[in-house]
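Spelled out, the chains give:
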Amino acid sequence: MDAVIVTGGSSGLGAAVVDAVAKAGGRPLVIDRQAPADGVEWIECDLADTRAAENATRELIERAGGSLDGVVTAAGFDVPGALRDVPGDVWDRIVMVDLLATAAVIRAALPALEASHGGVVTISSTLGIKAVSDATAYCAAKFGVVGFTRALAAELAGTVGVTLVIPGGMRTKFFDERDERYRPGPDAVLNDPANVADAVLFALRQPAGSAVRELVIAAERESSYP
């Protein structure tokens, strides 16, 4: 494994994936609005601008000498609230970053991934397989990632490895800016993002002829299904 593009690689699960790729001897390349850890190559990009996301992907591939082994679409955010209360531009942005940017980055990377017989790992959520109140945008986006990835796996079978990862709640800053009522309580059971990153790496490192199609990863006491 050499070059791997990670969206949202400056924090949370994305940063954990960057660390795991680097420790495995790979070359993480980040697309994000914030700088990742020192020494990690990156391009500043607002992933809500899907054409800019495509251009950033192509530029990183050029920096890597035209070769790419993997893409991990870890970027994502949410602003919970009732549909009537979440401003339309905010609602749209959640879907753009969490779903449409996922497709845009992978689309731009496909020629390089097909040439290397590389791998794609998309990141959904347990809210991509079960729905809850006050999360219409996030559920719409993450349910969309599930459908998109399953269709992509059928489309690219035999040419690019495609894995859907469905993580449960993790100990990241994902919840920090939320209203108190939408934050995990003090007794919440959350997973270490490093554990999820290890699973992402496992999917990316499958040998030729083998593919991990889907992984649901959660803290062992979390109920992840509807």
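Structural data are supplied above this passage.
Not measured: the values here are computed from a predicted model.

## Examining the side chain of Thr73
Mapped onto the elements of the fold, Thr73 is located in strand 4 (residues 70–73). Ignoring anything within four residues of it in the chain, the contact list for Thr73 reads Thr7, Thr102, Ile106, Val121, Thr122 and Ile123.

## As for helix 4 (residues 136–155)
Its 20 residues place the ends of helix 4 28 Å apart at the C-alpha level, agreeing with the 28 Å of an ideal helix rising 1.5 Å per residue. Those residues of helix 4 that are buried lie in contact with helix 3 (88–116), strand 5 (119–123) and strand 6 (161–167).

## Remarks on the sheet that holds strand 3 (residues 41–44)
Read from one edge to the other, the open sheet built from 7 strands follows the order 3-2-1-4-5-6-7, with strand pairing classed as parallel. Each having just a single partner strand, strand 3 and strand 7 (214–217) make up the two edges of the open sheet. When the angles between neighbouring strand axes are averaged without regard to direction, this sheet yields 15 degrees. The sheet contact formed by strand 4 and strand 5 spans 4 bridges and is parallel. Residue pairing for strand 5: Val71 is matched across the bridge by Val120. On top of the sheet, helix 1 (residues 12–23) reaches strand 1 (3–7), strand 2 (27–32), strand 4 and strand 5; it is set at about 160 degrees to strand 2, its chief contact.

## Side note on the pairing of strand 5
Taken across its 5 residues, strand 5 has 5 buried, putting it largely inside the fold. Residues of strand 5 alternate between two faces, with Gly119, Val121 and Ile123 on one and Val120 and Thr122 on the opposite face, all of them buried. Handedness of the crossover is the feature at issue here: the chain leaves strand 4, passes through helix 3, returns alongside strand 5, and the resulting connection is right-handed. Sheet topology note: the strand 5/strand 6 ladder contains 5 bridges and is parallel. In the strand pairing of strand 6, Thr122 is matched with Leu164. Taken together, strand 5, helix 4 and strand 6 form a β-α-β motif whose crossover is right-handed.

## Overview of the pattern of salt bridges
Side-chain pairs of opposite charge can arise where the charged atoms are in close proximity. For the coordinates displayed, the defined rule picks out 8 salt bridges. Between Arg27 and Glu41 there is a salt bridge; the shortest N-O distance is 2.7 Å. Of this pair, Arg27 sits in strand 2 while Glu41 sits in strand 3, and the two are 14 residues apart along the sequence. Salt-bridge contacts for Glu59 lead to Arg63; the nearest nitrogen and oxygen are separated by 3.0 Å. Placement of the pair is Glu59 and Arg63 together in helix 2 (residues 50–63), with a separation of 4 residues, close to one helical turn. Linked through salt bridges whose partners overlap, the residues forming this network are Arg51, Glu54, Arg58 and Arg107.

Each value, and the rule that gives it
- Residue positions within a chain follow its written sequence, with the count starting from 1.
- For a predicted model such as this one, the threshold for reporting local features is a pLDDT of at least 70, and the threshold for listing and counting side-chain atom pairs is 80 or more; totals across whole chains, interfaces and linings nevertheless cover every residue.
- Side-chain measures were taken over the full set of non-hydrogen atoms in the model, leaving aside hydrogen atoms and water.
- A helix here means a DSSP run of H or I that spans at least four residues, while a strand means a run of E at least two residues long, and both kinds are numbered starting from the N terminus.
- Here, residues are in contact when the closest pair of their heavy atoms is within 4.5 Å.
- How far a helix is expected to stretch is found by multiplying one less than its residue total by 1.5 Å.
- A pair of strands is labelled paired if DSSP reports no fewer than 2 bridges between them.
- Angles shown run from 0 to 180 degrees and are taken between the N-to-C directions of axes, each axis being a line fitted to C-alpha atoms and, for helices, limited to the stretch in contact.
- The buried label applies to any residue whose accessible area, calculated with a 1.4 Å probe on protein chains only, is under 20% of its type's maximum; exposed applies above 50%, and partly exposed to all values in between.
- By convention, orient the strands away from the viewer: a clockwise path from the first strand over the helix to the second makes the crossover right-handed.
- We define a salt bridge as a contact between a side-chain nitrogen of Lys or Arg and a carboxyl oxygen of Asp or Glu at a distance within 4 Å.

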